Amino acid sequence: MSEQWWRNAAIYQVYPRSFADGNGDGIGDLAGVRAKLPYLAELGVDAIWFNPWYPSPMADGGYDVADYRDVDPVFGTLQDAEKLIAEAGEHGIRTIVDIVPNHVSDRHPWFRAALAAAPGSPERELFHFREGRGEHGELPPNNWKSEFGGCPWTRIDDGQWYLHLFAAAQPDLNWDHPRVRREHEEILRFWFDRGAAGVRIDSAGLLAKDAALPDLVPGAHPHPYLDRDDLHDIYRSWRAIADSYEHPRVLIGEIWVPDTERFARYLRPDEMHTAFNFDFLARPWDAGQLRESIDATLAAHAPVGAPATWVLCNHDVTRTVTRYGRADTRFAFDAKAFGTPTDLALGLRRARAAALLTLALPGSLYLYQGEELGLPEVEDLPLDRLQDPMHFRSGGTDPGRDGCRVPLPWTGPEQPFGFSPDGAKEPWLPQPADWAHLTVEAQSGDPASMLTLYREGIRIRRELRGGFGWLPDAPEGVLAFRRGDVRCLVNLSASPLPLDGEVLLASGPLPDGLLPTDTAVWLR
Ligand code: NOJ
Ligand code: CA
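Quick caveat, the model's predicted, so the values are computed rather than measured.

When helices and strands are tallied, the protein shows 15 helices and 18 strands. Projected onto its principal axes, the C-alpha positions of the protein cover 75 × 55 × 50 Å. Classification of the 524 residues of the protein by burial places 59% in the buried group. Counting contacts in the protein only where the partners sit at least 6 residues apart, residues at least 24 apart contribute 66% of the total. Across the protein, the centroid of the 52 positively charged side chains sits 3 Å from that of the 77 negatively charged ones.

The calcium ion (ligand 2) binds to the protein through Asp21 (OD), Asn23 (OD1), Asp25 (OD), Ile27 (O) and Asp29 (OD); the donor distances cover 2.3 Å. Read from N- to C-terminus, the donor residues coordinating the calcium ion (ligand 2) fall into the pattern D-x1-N-x1-D-x1-I-x1-D. Judged by relative accessible area, which is 24%, Asp25 ranks as partly exposed. Its relative accessible area of 19% is what places Ile27 among the buried residues.

Another point: the sheet that holds strand β13 (residues 478-483). Across the sheet, which stays open at both edges, the 5 strands sit in the order β12-β13-β14-β18-β16 with antiparallel pairing between neighbours. What marks the edges here is a single partner per strand, and that holds for β12 (468-470) and β16 (503-506). With strand direction ignored, the average angle separating the axes of adjacent strands in the sheet is 20°. Where β13 and strand β14 (residues 486-491) come together, 6 bridges link them in antiparallel fashion. Counted as the bridge partner of Leu479 is Val490 from β14. Contacts from helix α10 (residues 287-301) reach β12 and β13, with the element oriented near 140° to β12. Helix α15 (residues 450-461) contacts β16 and β18 (519-523) of the sheet and is inclined by roughly 140° relative to β16.

We now examine the side chain of Gln369. Within the element layout of this structure, Gln369 appears in the loop between β11 (364-368) and α13 (389-393). Setting aside residues no more than four positions away along its own chain, Gln369 makes contact with Tyr12, Gln13, Val14, Tyr15, Ser18, Phe19, Arg319 and Leu408.

This paragraph deals with the sheet that holds strand β4 (residues 129-130). Pairing within the open sheet is antiparallel, and its 3 strands lie in the order β4-β6-β5. Two strands close off the open sheet at either side, each with one partner strand: β4 and β5 (153-155). In this sheet, strand β6 (residues 161-163) lies alongside β5 in antiparallel orientation, the contact comprising 3 bridges. Across the sheet, residue Trp153 finds its bridge partner in β6, namely Leu163.

Let us now look at the site of ligand 1. If you check the shell around ligand 1, you find 14 residues, and the closest are Asp60, His103, Asp202, His315 and Asp316. A distance of 2.8 Å separates a nitrogen atom of ligand 1 from a polar atom in the side chain of Asp202. In this structure, Asp316 approaches ligand 1 through a side-chain N or O atom, which is 2.5 Å from an oxygen atom. For the shell around ligand 1, the class distribution of residues is 3 nonpolar, 4 polar and 7 charged.

In a regular helix each residue adds 1.5 Å, so 16 residues correspond to 22 Å; helix α6 (residues 178-193) covers 22 Å between its end C-alpha atoms and thus fits that length. When α6 is considered as a whole, its buried residues turn out to be Val180, Glu183, His184, Ile187, Leu188, Phe190, Trp191 and Phe192. Where α6 is buried, its residues touch α4 (78-90), β3 (94-99), α5 (109-116), β7 (198-201), α7 (231-243) and β8 (250-253).

Formed by 148 residues in total, the largest nonpolar core has its most connected members in Tyr12, Trp53, Trp191, Tyr235 and Trp522. Take this core: its biggest share by element is 8 residues, from helix α12 (residues 344-360). In this structure, Leu165, Phe166, Leu206 and Leu213 belong to the second largest nonpolar core, which totals 12 residues.

What follows is about unusual backbone geometry. In this structure, Pro222 follows His221 across a cis peptide bond, with omega equal to -5°. Counting through the fold element by element, Pro222 comes out in the loop between β7 and α7. Residue Pro416 is reached from Gln415 by a cis peptide bond, and omega for that bond is 5°. Mapped onto the elements of the fold, Pro416 is located in the loop between α13 and α14 (440-443). Of note, the phi angle at Ser203 is positive, near 45°, even though the residue is not glycine. Along the chain, the position of Ser203 falls in the loop between β7 and α7. Although it is not a glycine, Asp512 sits at a positive phi angle of roughly 55°.

With that settled, the discussion passes to the packing of α6 against α7. Packing of α6 against α7 brings their axes to within 10 Å, and their N-to-C directions diverge by 30°. Overall, the two elements α6 and α7 adopt an arrangement that is roughly parallel. Once α6 is placed against α7, the crossing between them reads as right-handed. Contacts between α6 and α7 involve Arg181, His184, Glu185, Leu188, Arg189 and Phe192 on the former and, on the latter, Asp233, Ile234, Ser237, Trp238, Ile241 and Ala242. Here the residues of the contact of α6 with α7 sort into 6 nonpolar, 2 polar and 4 charged.

Basis of the calculations
- Residues numbered from 1 in each chain as written.
- Chains lettered and ligands numbered in written order.
- Predicted model: local features only at pLDDT ≥ 70, side-chain atom pairs only at ≥ 80, totals over all residues.
- Heavy atoms only, no water.
- Helix = DSSP H or I, 4+ residues; strand = E, 2+ residues; numbered from the N terminus.
- Buried < 20%, exposed > 50% of the residue type's maximum accessible area, 1.4 Å probe, protein only.
- Contact = heavy atoms within 4.5 Å.
- Lys, Arg positive; Asp, Glu negative; His and termini not counted.
- Charge placed at Lys NZ, Arg CZ, Asp CG, Glu CD.
- Donors = N, O, S within 2.8 Å, 3.2 Å for Na, K, Ca; no water.
- Pairing = 2+ DSSP bridges.
- Axes fitted to C-alpha atoms, helices over the stretch in contact; angles between N-to-C directions.
- Near = heavy atom within 4 Å.
- Polar contact = N/O pair within 3.5 Å; in protein donor to acceptor, adjacent residues only side chain to side chain.
- Nonpolar A, V, L, I, M, F, W, Y, C, P; charged D, E, K, R; others polar.
- Expected span 1.5 Å × (residues − 1).
- Core = buried A, V, L, I, M, F, W, Y, C linked by side-chain atoms within 4.5 Å.
- Parallel < 35°, antiparallel > 145°, perpendicular 65-115°, else oblique.
- Left-handed = near helix turned anticlockwise from the far one by under 90°.

The following block contains the structure:
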């Protein structure tokens, strides 16, 4: 396998709680993943990125880490993780673990020690503790907003406040402190030494803060906590560690930075290898918009020599089939609302076309578990089952992210659709009763299923190695480009498009040899 495998890999994202339950407690686990490795090998993916599997109180789906060097008992043991990494390797699948450097859990020993220690103590210096404003310090130290809504400061008993850009259970670390840096360098080595091929870096654009923690002034540059220049030093030191291995490890950033040029700085040759392309993910189903994003992406990556990534959804955003079935097909966190009308048949059709679009683009591809099954967002979860802090911190107006985290359907006519073994506890989030047609079993061997489309698409994609170029004279509303000797056409216009050439793969029927609206085809 080539050392630069990450340049054109298909990477499958496993949300461990919802992938497969091996021991019957209704929660996905590492034994469940190990049992499904043949499925992932058949799908043809090159690597798995695991959302956090560390010990965690699960205040934010595991992004509140209490111990970075172990596995939560709900998922298994550290030995299970080692076995999983080794067994995946036997299937030719690499493992990417999720590193959460911006914040820890409030149950992390460092934070507990900081709470037990006095204001001004060395323990508190690992975090951002401050006195409040107002006559009695009763007001938060600044005007920042939490990424989950509301105030990012929580006051403790002795009157000091601590910063948490996400939930209160996720105190932010002070990245100006050398111990914080050293600790994370050791954590990287810990997982690299256990065979992890790389890390996905959570909230990578947020670690560095202006030490004065000044008020946020709209438009002011530099921003007090987003995309600050000192971040690059951190990632250079991480790259040196990744490169020190015989088989160099890979750094993948989660960076929500709208400016594509600023984004590409993280991908300079001595920093990260790749980063998620959220610009593309957020674009509506519109040929002009998608083309603009593809052009901007490729243009920004070219000077730094990094491959682009293509992502349609993940564990934080509305599932593709649902998003594309709406009047507003963009993704935006602040646009999420209960009760948005959705045409799932339309959404599925577009998601199938989008699959062929992203599979044909040059760079690496991320596939979020269930996307290959065409799962929709589950929008009618009982309110008392919701878990996501995004929902609660919005005061209940934001549906939150549970709807894209529902356990996968594998087999059989009824819940839990093979997610858990027989006689198991009910899954931690209920699956819709009508998912029988979406199981892996139901879709396997069905030439018209989403699963078959992804299997075929990933297989053929391996041969797509040639250069990328837009085809001239494409009609308005049609994305038309070539990858080497293969052409990809995606029809987002209202009129069917005449075709010529040998059809390698199509996202839907091609009546009379025409490419209908919301359909894509690969031609040779
Ligand atoms: C980004 C992760 O993808 C998301 O799930 C999490 O809530 C935040 N970072 C905070 O860690
Ligand atoms: Ca389990």
